[in-house]
Amino acid sequence: MGKIYIVGIGPGDMANMTYRAAKAIEAADIVVGYGAYIELIRDYFPEKEFASSGMTREVQRCRLALEKARSGLKTALVSSGDSGIYGMAGIMLQVLNESGSQIPVEIIPGVTAASAAASLLGAPLMHDFAVISLSDLLTPWELICKRIRLALQGDFVLCLYNPRSKKRSGYIGIARDIAMEYRRPETPVGIVRNAGRKNEGCEIASLEGMLNFDIDMFSTVIIGNSATYVENGRMITPRGYVL
Ligand code: SAH
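Keep in mind that what you see is a predicted model, and the values were worked out from it rather than measured. Along each chain, numbering runs from 1 in the same order as the chain's sequence is written. For this predicted model, a pLDDT threshold of at least 70 governs which residues receive local features, and a threshold of 80 or more governs which side-chain atom pairs are given and counted, while totals over whole chains, interfaces and linings are taken from all residues. Hydrogens and water molecules were not included; the side-chain quantities draw on all heavy atoms of the structure.

## Remarks on the nonpolar core
The test is simple: Only buried residues count toward a nonpolar core. Its members are Ala, Val, Leu, Ile, Met, Phe, Trp, Tyr and Cys residues joined through side-chain atoms within 4.5 Å. Only protein chains enter the accessibility calculation, which uses a 1.4 Å probe. A residue is then buried if its area is under 20% of the maximum for its type, exposed if over 50%, and partly exposed in between. Helix numbering and strand numbering both begin at the N terminus, where a helix is a DSSP run of H or I of at least 4 residues and a strand a DSSP run of E of at least 2.
Within the largest apolar cluster, 24 residues are counted, with the highest numbers of intra-cluster contacts made by Leu134, Ile148, Leu158, Leu160, Met210, Val221 and Ile223. Those elements that provide at least two residues to this core are strand E7 (129-133), helix H6 (141-153), strand E8 (157-161), helix H7 (171-182), strand E9 (188-193) and strand E11 (219-223). At 6 residues, H6 tops the list of elements feeding residues into this core.

This is the structure:
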């Protein structure tokens, strides 16, 4: 009988993929995923059969995975980072429920962009933080702005996914302007591009100056809370321990 593994492959390199994720991909007869993610792992699994699809074709990708599993294949559906954080787990379960299929499913977590980015910056997520995606493809922009504002009011560290694409080039600037209402201009902001991939980059800016740095759709941006500081090139959000 077929089976679906919903696998978080981590940020990109094999070193940051969990053992369990690698084992699931090895066990699969076919690996289904977005083309760019397939390219990240293809060389690590040279014997494997892969089936890719375009970026906004998530539902089709899940239907393809279901079709393969129904034909008896062990099928790995891959997401970058964690499959359960803006990944394929939710939509795959919805497609399965819609189909009424009893195919077994296993969801395998992965290292999400927030933790990969934080580790390169220092320790910015030591206290309560909120992850917000700036993509308005599936979420109204007004709701995104409301969440940003409320997270800032709550003094959460803010971790922004999907900070900028060609169509949404101005959103990160709006997010920064909202942050300037609640945080000091010198609040540390970490920008990590392509964590664990070729062209990995990591910078620590200030809230005021953050827009002078390259921020794209492969970047994660972490805006500190009111206590976050930088020392020896590392960003630290203190948890409150007394030294
Ligand atoms: N499921 C993924 C997130 C998908 S949303 C996860 O758990 O990490 C896509 C966004 O994640 C990107 O726009 C970017 O903000 C962030 N991201 C994903 N991989 C990244 C990487 N290697 N380096 C930096 N940011 C990354």
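## Remarks on the pattern of salt bridges
A side chain of one charge can pair with a side chain of the opposite charge when the charged atoms of the two come close. Using the following cut-off: The working definition used for a salt bridge is a side-chain nitrogen of Lys or Arg within 4 Å of a carboxyl oxygen of Asp or Glu.
Taken as a whole, this structure holds 10 salt bridges when the rule is applied. Among the ionic pairs, glutamate 106 bridges to lysine 3, the shortest N-O distance being 2.7 Å. Here glutamate 106, found in strand E5 (residues 105-108), pairs with lysine 3, found in strand E1 (residues 3-8); they are 103 residues apart in sequence, far enough to count as distant. Between arginine 184 and glutamate 186 there is a salt bridge whose closest N-O contact spans 3.7 Å. In this structure, a network of salt bridges that share partners links the residues Lys3, Arg20 and Glu106.

## A few points about the sheet that holds strand E6 (residues 122-123)
Each strand in a sheet pairs with another by means of backbone hydrogen bonds, the pair being arranged parallel or else antiparallel. What counts, and what does not: Strands were regarded as paired on the criterion that DSSP finds at least two bridges between them.
Read from one edge to the other, the open sheet built from 3 strands follows the order E6-E13-E12, with strand pairing classed as mixed. Of all the strands in the sheet, just E6 and strand E12 (229-231) have a single pairing partner and so form its edges. Bridging between E6 and strand E13 (residues 234-236) involves 2 bridges; their strand directions are parallel. Across the sheet, residue alanine 123 finds its bridge partner in E13, namely isoleucine 236.

## Describing the state of the cysteines
Any covalent bond linking the sulfur atoms of two cysteines counts as a disulfide. Stated precisely, the cut-off is as follows: Criterion for a disulfide: a pair of cysteine sulfur atoms at a distance within 2.5 Å.
Going through the model one piece at a time under the given rule, you end up with 0 disulfides. Between cysteine 145, a cysteine without a disulfide, and cysteine 159, which holds the nearest cysteine sulfur, the sulfur-to-sulfur distance is 17 Å. Judged by its relative accessible area of 16%, cysteine 145 falls in the buried class.

## Some details on unusual backbone geometry
Phi angles above zero are rare outside glycine, and aspartate 155 is one such case at about 60°. Following the sequence through the fold, aspartate 155 ends up in the loop between H6 and E8. Of note, the phi angle at asparagine 162 is positive, near 50°, even though the residue is not glycine. Residue asparagine 162 is classed as partly exposed on the basis of its relative accessible area of 28%.

## Side note on helix H1 (residues 19-27)
Our working rule: The arc in question is the one traced by the directions running from the helix axis out to the C-beta atoms. Residues count as neighbours in contact if any of their non-hydrogen atoms are within 4.5 Å of one another.
For H1, every residue scored as buried is listed here: Ala21, Ala22, Ala24 and Ile25. All buried residues of H1 project into a common sector of 160° when viewed along the axis, lining one side. Tucked inside the fold, the buried residues of H1 contact E1, strand E2 (30-34), helix H2 (35-41), strand E4 (74-79) and E5.

## Re the sheet that holds strand E10 (residues 201-206)
Quick note on the threshold: Every axis corresponds to a line fitted to the C-alpha atoms, with the helix fit spanning only the stretch in contact, and the corresponding angles, defined between N-to-C directions, vary from 0 to 180 degrees.
With mixed pairing, the 5 strands of this open sheet are ordered in space as E7-E8-E11-E9-E10. Each of the sheet's edge strands pairs with one partner strand only, and the pair in question is E7 and E10. Taken pair by pair, the neighbouring strands of this sheet meet at an average axis angle of 20°, ignoring direction. With 6 bridges connecting them, E9 and E10 associate as antiparallel partners. By the bridge assignment, arginine 193 is partnered in E10 with glycine 201.

## Examining the site of the ligand
Convention followed: Nearness is judged by heavy atoms alone; a residue qualifies as near a molecule or strand once a single heavy atom is within 4 Å of it. Each polar contact in these results corresponds to two N or O atoms within 3.5 Å; when the atoms are within protein, one needs to be able to donate a hydrogen and the other to accept it, and residues that are neighboring in sequence are counted only if both atoms are side-chain atoms. All accessibility values rest on the Shrake-Rupley procedure with a 1.4 Å probe; residue burial counts only the protein chains present in the view. Amino acids are sorted into nonpolar (Ala, Val, Leu, Ile, Met, Phe, Trp, Tyr, Cys and Pro), charged (Asp, Glu, Lys and Arg) and polar (every other residue, Gly among them). The domain limits used here are those given by an automatic or database domain assignment.
In the vicinity of the ligand, 19 residues are found, and the nearest of them are Ile85, Thr112, Met217, Ser219 and Thr220. Between threonine 112 and the ligand, the recorded distance is 2.7 Å, taken from a side-chain N or O atom to an oxygen atom. About the coverage of the ligand: the protein hides 93% of its 550 Å² of free accessible area. When its residues are assigned to classes, the shell around the ligand shows 10 nonpolar, 7 polar and 2 charged. Summarising the domain contributions, the shell around the ligand has at least three residues from each of domain 1 (3-108) and domain 2 (113-236).

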